[in-house]
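Listed below are the residues making up each chain.
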Amino acid sequence: PLLSQARLQRGRVWFEQGQYDRALELFSRLDGAESQVADEAAYWTAKCQLRLGDAAGAAGRLGDAVQKFSASPLLPEMMYDRGVALLRTGDAEQAIAAWEGFRTRFGDHELSGEALQLLAVTEHQQRRYDRSHAHCRAFLAQYPTHSLAATVAFLSCENDFLTGQHDEAATGFRR
């Protein structure tokens, strides 16, 4: 009865060792509806795909997993990582939508701060500085001691500068 779980854990060991091809092969075999660990296998298969440079495959697999395993305890991680995969495919709009959906459903999750930071950065890269700035303000209000707070504060100042708010930018950069 523990065979699927043992295989999953062996795949995770290979993943941690950077043996993504080996882990991918094992996770792919476990990624079936009949498997007791199908949700975890789908998630870790997508993680391997991301590490191996197949962002489109990972985004597709995670999209399917979100639909198929909506009761999985890994659902927040699936939604978050789907945003990462979508961004790596170059689909910034879908990545933004994925992270906004994640934050709506899982605003208290441990990855919520990272999702908000990625929203701010991605909106900035799309030259939507006002939206990026709003995400920066929300991040700094909700996560003032987060390890990414300094990075987000700097991005907020860049948004001020690029929207012509030079005095605010100078003050922020000085801080």
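Up top is the structure these notes are about.
Definitions and limits used
- Residues numbered from 1 in each chain as written.
- Predicted model: local features only at pLDDT ≥ 70, side-chain atom pairs only at ≥ 80, totals over all residues.
- Heavy atoms only, no water.
- Salt bridge = Lys/Arg side-chain N within 4 Å of Asp/Glu carboxyl O.
- Buried < 20%, exposed > 50% of the residue type's maximum accessible area, 1.4 Å probe, protein only.
- 1 Å grid on protein atoms, 1.4 Å probe; cavity = no way out; pocket = protein on both sides within 12 Å on 5 of 7 lines; lining within 4 Å.
- Points joined across faces, edges and corners; volume = space filled by probe spheres on them.
- Helix = DSSP H or I, 4+ residues; strand = E, 2+ residues; numbered from the N terminus.
- Patch = residues over 30% accessible without salt bridge, like charges linked within 9 Å, V, L, I, M, F, W, Y side chains within 5 Å.
- Areas by Shrake-Rupley, 256 points an atom, 1.4 Å probe, with all protein chains shown as cover.
- Lys, Arg positive; Asp, Glu negative; His and termini not counted.
- Charge placed at Lys NZ, Arg CZ, Asp CG, Glu CD.
- Axes fitted to C-alpha atoms, helices over the stretch in contact; angles between N-to-C directions.
- Parallel < 35°, antiparallel > 145°, perpendicular 65-115°, else oblique.
- Left-handed = near helix turned anticlockwise from the far one by under 90°.
- Contact = heavy atoms within 4.5 Å.
- Nonpolar A, V, L, I, M, F, W, Y, C, P; charged D, E, K, R; others polar.
- Phe/Tyr/Trp six-rings, centres within 6.5 Å; stacked < 30°, edge-to-face > 60°.

Draft legend 1. Seen up close, the pattern of salt bridges. Counting across every chain of the model gives five salt bridges. Glu-123 is the salt-bridge partner of Arg-128, the closest N and O atoms lying 2.5 Å from each other. Residue classification places Arg-128 among the partly exposed residues on the basis of a relative accessible area of 23%. Overlapping salt bridges, with partners in common, bring together Glu-93, Glu-100, Glu-123, Arg-128 and Arg-131 in one network.

Draft legend 2. A look at the layout of surface pockets. The volume enclosed by the largest pocket comes to roughly 170 Å³. The wall of the largest pocket is formed by His-133, Arg-137, Leu-140, Ala-153, Ser-156, Cys-157, Asp-160, Glu-168, Gly-172 and Arg-175. When residues of the lining of the largest pocket are traced back to their parent elements, those giving at least two are α8 (129-142), α9 (149-162) and α10 (166-174). A per-element tally of the lining of the largest pocket places α9 first, with four residues.

Draft legend 3. Expanded view of a positive patch on the surface. On the surface, a cluster of positive charge is contributed by Arg-7, Arg-10, Arg-22 and Arg-29. Taken together, the elements giving at least two residues each to the positive patch come down to α1 (3-16) and α2 (20-30). The residue Arg-7 is located in helix α1 in this model. Its relative accessible area of 36% is what places Arg-7 among the partly exposed residues.

Draft legend 4. Focus on the packing of helix α3 (residues 38-51) against helix α4 (residues 55-68). Running from N to C, α3 and α4 point in directions that differ by 165 degrees, and their axes come no closer than 8 Å. The orientation of α3 with respect to α4, classified from their angle, is roughly antiparallel. Every pair of crossing elements has a handedness; the one defined by α3 and α4 is left-handed. Listed contacts from α4 to Ala-42, Tyr-43, Thr-45, Ala-46, Gln-49 and Leu-50 of α3 are Ala-55, Gly-57, Ala-58, Arg-61, Leu-62 and Ala-65. Of the residues in the contact of α3 with α4, the class split is eight nonpolar, three polar and one charged.

Draft legend 5. Spotlight on the packing of aromatic side chains. Considering all chains together, one arrives at eight aromatic pairs under this definition. Judged by centre distance (5.9 Å) and plane angle (65 degrees), the ring pair of Tyr-80 and Phe-102 falls under edge-to-face. With Tyr-80 in helix α5 (residues 75-89) and Phe-102 in helix α6 (residues 92-105), the pair connects residues that are 22 residues apart, well separated along the chain. Given a relative accessible area of 0%, Phe-102 falls into the buried group. Seen in terms of ring centroids, Phe-139 and Tyr-143 are 5.3 Å apart; in terms of plane orientation they differ by 50 degrees. Their pairing is tilted.

Draft legend 6. Examining the environment of Thr-122 more closely. With respect to the element layout, Thr-122 can be found in helix α7 (residues 112-125). Judged by relative accessible area, Thr-122 falls into the buried class, the value being 1%. Remark: the alpha-carbon pair of Thr-122 and Leu-87, spanning 35 residues in sequence, is separated by 8.4 Å. Not counting residues up to four positions away in its chain, the partners in contact with Thr-122 are Leu-87, Ala-92, Ile-96 and Trp-99.

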